[in-house]
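Listed here are the chains, written in short residue letters.
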Amino acid sequence: QQYQQIHRNVPVYGAELSVHMKASGEVTYIKAKLADELPTSVKPRIKKAAAKRLALMLARRDENGRRLKAGSIELMILPLGFVYQTPEVDARLVWKVDVVDALTNGEFFGETYFLDARSGDKVLQFSGKDQLHRQVIDCASETGNLSQLNGHAWSAACHNVLPEGCATEVDLES
């Protein structure tokens, strides 16, 4: 079972409690990553629609010419101490806004912005556009050569360095 930490009806990003149990109900393992020193007020000054516009504006600065759209928008608490692995850094009330390429729905462009819900300032940004794409090739049953993938020519050769029947990963981005 996994439980999301909630503070005053607002989820805390990355904070959860996991409980592993046997079928009999006996607890075998508990893992907790919980935040403390959370904001007393969870009322945003920046409205949801304004956060959406701000995130789209930030994304358009980085990606000229792409048609972008805002995906999910959620009010949450971002414990920056988790991100920076420093307990002294405060938690912030933020809008988490996902911005994606409208044509591919995020296949080629995806950014997540964490915008301060009181000031509108960008607190953090995660990029999803440099995701690793891999193809698994089973060297035991195939020659290991790829000719086409999504319209791009790629090739990979299997080498007998793995035991027969093992799969190997080929990085298609390099």
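Small disclaimer: the values here were computed from a predicted structure and weren't measured.

K.L.:
I'd love a proper account of the pairing of strand E1 (residues 2-7), names of residues and values included.
P.N.:
Bridge count for E1 against strand E2 (residues 10-21) is 5 bridges, and the pairing is antiparallel. Looking at the pairing, isoleucine 6 lines up with proline 11 of E2. Connecting the antiparallel pair E1 and E2 is a turn made up of 2 residues, with arginine 8 showing a positive phi of about 55 degrees.

K.L.:
How would you summarise the pattern of salt bridges if you had to cite specific residues and measurements?
P.N.:
Per the counting criterion, the structure on display carries 3 salt bridges. In this structure, the salt-bridge partner of aspartate 116 is arginine 92, at a minimum N-O distance of 3.4 Å. With aspartate 116 in strand E6 (residues 110-116) and arginine 92 in strand E5 (residues 91-101), this pair connects stretches of sequence that are 24 residues apart. Exposure remark for aspartate 116: the relative accessible area of 11% places this residue in the buried category.

K.L.:
Kindly report on unusual backbone geometry, identifying the contributing residues and their values.
P.N.:
Its identity is not glycine, yet arginine 8 carries a phi of approximately 55 degrees, on the positive side. Relative to the helices and strands, arginine 8 resides in the loop between E1 and E2. Residue arginine 8 is classed as exposed on the basis of its relative accessible area, which comes to 53%. Phi angles above zero are rare outside glycine, and asparagine 9 is one such case at about 70 degrees. Among the secondary structure elements, asparagine 9 is positioned in the loop between E1 and E2.

Rules behind the numbers
- Residues numbered from 1 in each chain as written.
- Predicted model: local features only at pLDDT ≥ 70, side-chain atom pairs only at ≥ 80, totals over all residues.
- Heavy atoms only, no water.
- Pairing = 2+ DSSP bridges.
- Helix = DSSP H or I, 4+ residues; strand = E, 2+ residues; numbered from the N terminus.
- Salt bridge = Lys/Arg side-chain N within 4 Å of Asp/Glu carboxyl O.
- Buried < 20%, exposed > 50% of the residue type's maximum accessible area, 1.4 Å probe, protein only.

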